[in-house]
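Understanding the architecture of this molecule
Chain by chain, the residues run as shown.
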Amino acid sequence: MTEYKDNIDHRNCQEESEIDLMEIVAKLWKGRMFILKCCAVGVVLGLIVAFSIPKRYCASAVLAPETDQRMGGSGMSSLASMMGVSLDNSVDAINAGMFPEVVHSVPFIFGLFDLEVSTIDGELSTTLLDYMLEHQRRAWWSYVLGFPGKAAGWFFSLFSEEAPEGDGVLRMENLPERERGVVKYFSEGISVNVDKKTGKTSLSLEMQDPLVAATVMEAVVSSLKDYMCSYRTSKARQDVENLSVICSERKADYYRAQQAWAAYADANKSVVLQSAQAERERLQQEMSLAYQVYSQVATQLEAARLKEQQAKPVFAVIEPVTVPLRKSAPGRAKILAGFVFLLGCAGAAWELFGRSAWDSLRGRAS
């Protein structure tokens, strides 16, 4: 008996579901014209938004930095070993895994401000900072949304004291608000992905002009190489500079000792006194000692120069920077489909729930 009741209840639930589904389909069919109108409005709005957003082009590059400093340095190592000097290097504090932090840092981006860029149509040639501040296209609604803030700023500026004029020099530690916005744009816009296993580094950047995007990406790659080269060779370069000074001093000491010995030997050529011979031997020993010190320092200087050359990182450019031919954004078809879908869903929701709720509210009000 219980099983029979369960079957009846299950059949009733199925019938109610079918009735509800048919009712929903009937409501949607009845309001199909309104839903189609909503979709048409979505098409119009989607086209307006899609064509209002400026085009962006993506430039990219792929690098494979050398992580083992001993690779390709066996010749230098053996030559330095003959000199009695080891070229063993310690682990770097900055490696490929730190590339994103380096590229997104304020000093790195600030170094790109004076980069000369030109648009692909040849109508504009200026610095990167001027291009970003004065020649960027924006969607029309950004001007509308930003107008109240600009108006309020202009109004309050009438009652505030004028800020003292600077010397016109742009300083990294005290950037104005607009320049900070440029730094933020590149900090967020330059994508750096590092494969932790292989060290392969992929860089990409989207900008409104394809030639500008490629130029900036080339500068980013070049600056990253220079930064790592400067960092890797900083200690070795300092050693070379210090040893160069010491070597020059020891060379001068050797030349003075040599001149002193030669002058005394010429002046006392025919003298047979033991005191004269002793003085000559003393000067000769000082000259020999000065030469030995000078020779050792010169050997250390050459070894330091070899170490500086070995410390320079090598980057294999797997995918060089090229000028993009097709835009990467906006996806106008996706924007159009999104607006049509949203407006169509809104129209369907109105026909299913909103219209009946509105009619009931009107009935209560009347």
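The structure under discussion appears in the preceding block.
Residues numbered from 1 in each chain as written. Predicted model: local features only at pLDDT ≥ 70, side-chain atom pairs only at ≥ 80, totals over all residues. Heavy atoms only, no water.

Points about the overall build of the chain
- A count of helices and strands for the chain gives twelve helices and six strands.
- Taking all 366 residues of the chain together, 28% fall into the buried category.
- Within the chain, residue pairs in contact and separated by at least 24 positions form 78% of the contacts whose partners lie at least 6 positions apart.
- A total accessible area of about 24400 Å² is found for the chain, and carbon and sulfur atoms account for 58% of it. (Helix = DSSP H or I, 4+ residues; strand = E, 2+ residues; numbered from the N terminus. Buried < 20%, exposed > 50% of the residue type's maximum accessible area, 1.4 Å probe, protein only. Contact = heavy atoms within 4.5 Å. Areas by Shrake-Rupley, 256 points an atom, 1.4 Å probe, with all protein chains shown as cover.)

Section: the sheet that holds strand β6 (residues 315-319)
- If you walk across this open sheet you meet the four strands as β4-β5-β1-β6, and the pairing is antiparallel. The open sheet has two free edges, formed respectively by β4 (191-194) and β6, since each of these has just one partner strand. When the angles between neighbouring strand axes are averaged without regard to direction, this sheet yields 25°.
- Pairing of β4 with strand β5 (residues 201-207), which is carried by four bridges, proceeds in the antiparallel orientation. Looking at β5, one finds that V194 is bridged to T201. (Pairing = 2+ DSSP bridges. Axes fitted to C-alpha atoms, helices over the stretch in contact; angles between N-to-C directions.)

Topic: the environment of L343
- Following the sequence through the fold, L343 ends up in helix α12 (residues 332-365).
- Residues L343 and L36, spaced 307 residues apart in sequence, show a C-alpha to C-alpha distance of 9.3 Å.
- With near-sequence residues (within four places) excluded, L343 lies in contact with C38 and G42.

Some remarks on the pairing of β5
- Only one face of β5 is covered, namely the face carrying T201, L203, L205 and M207; the face carrying S202, S204 and E206 is uncovered.
- Bridge count for strand β1 (residues 57-65) against β5 is seven bridges, and the pairing is antiparallel. Looking across to β5, one finds that C58 is bridged to E206.
- Once β4 ends, the chain turns through six residues before running back antiparallel as β5, passing G199 with a positive phi of about 80°.

Topic: the pattern of salt bridges
- Per the stated rule, a full pass over the model turns up nine salt bridges.
- For R56, the salt bridge is made with E206, and the minimal N-O distance between the two is 3.1 Å. With R56 in the loop between α2 (32-52) and β1 and E206 in strand β5, this residue pair connects regions lying 150 residues apart in the sequence.
- Its relative accessible area of 28% is what places R56 among the partly exposed residues.
- The class for E206 is partly exposed, based on a relative accessible area of 28%.
- Put simply, E286 and R282 hold a salt bridge, and the shortest N to O gap is 2.5 Å. With E286 and R282 both in helix α11 (residues 274-311) and four residues apart, this pair spans about one turn of that helix.
- A relative accessible area of 39% places E286 in the partly exposed class.
- Exposure remark for R282: the relative accessible area of 35% places this residue in the partly exposed category. (Salt bridge = Lys/Arg side-chain N within 4 Å of Asp/Glu carboxyl O.)

With respect to the side chain of E179
- With respect to the helices, strands and loops of the structure, E179 is situated in helix α8 (residues 177-189).
- No salt bridge is formed by the buried E179; the nearest opposite charge belongs to R178, separated by 6.0 Å.
- Setting aside residues up to four positions removed in sequence, E179 forms contacts with F113, L129, L133 and L170. (Lys, Arg positive; Asp, Glu negative; His and termini not counted.)

A closer look at a nonpolar patch on the surface
- A cluster of nonpolar side chains, V41, V44, L45, I48, W140 and V144, forms an exposed patch at the surface whose accessible area comes to about 530 Å².
- Put simply, the parts of the chain that give the nonpolar patch at least two residues each are α2 and α7 (140-157).
- With respect to the helices and strands, the residue W140 is situated in helix α7.
- A relative accessible area of 47% means that W140 is categorised as partly exposed. (Patch = residues over 30% accessible without salt bridge, like charges linked within 9 Å, V, L, I, M, F, W, Y side chains within 5 Å.)

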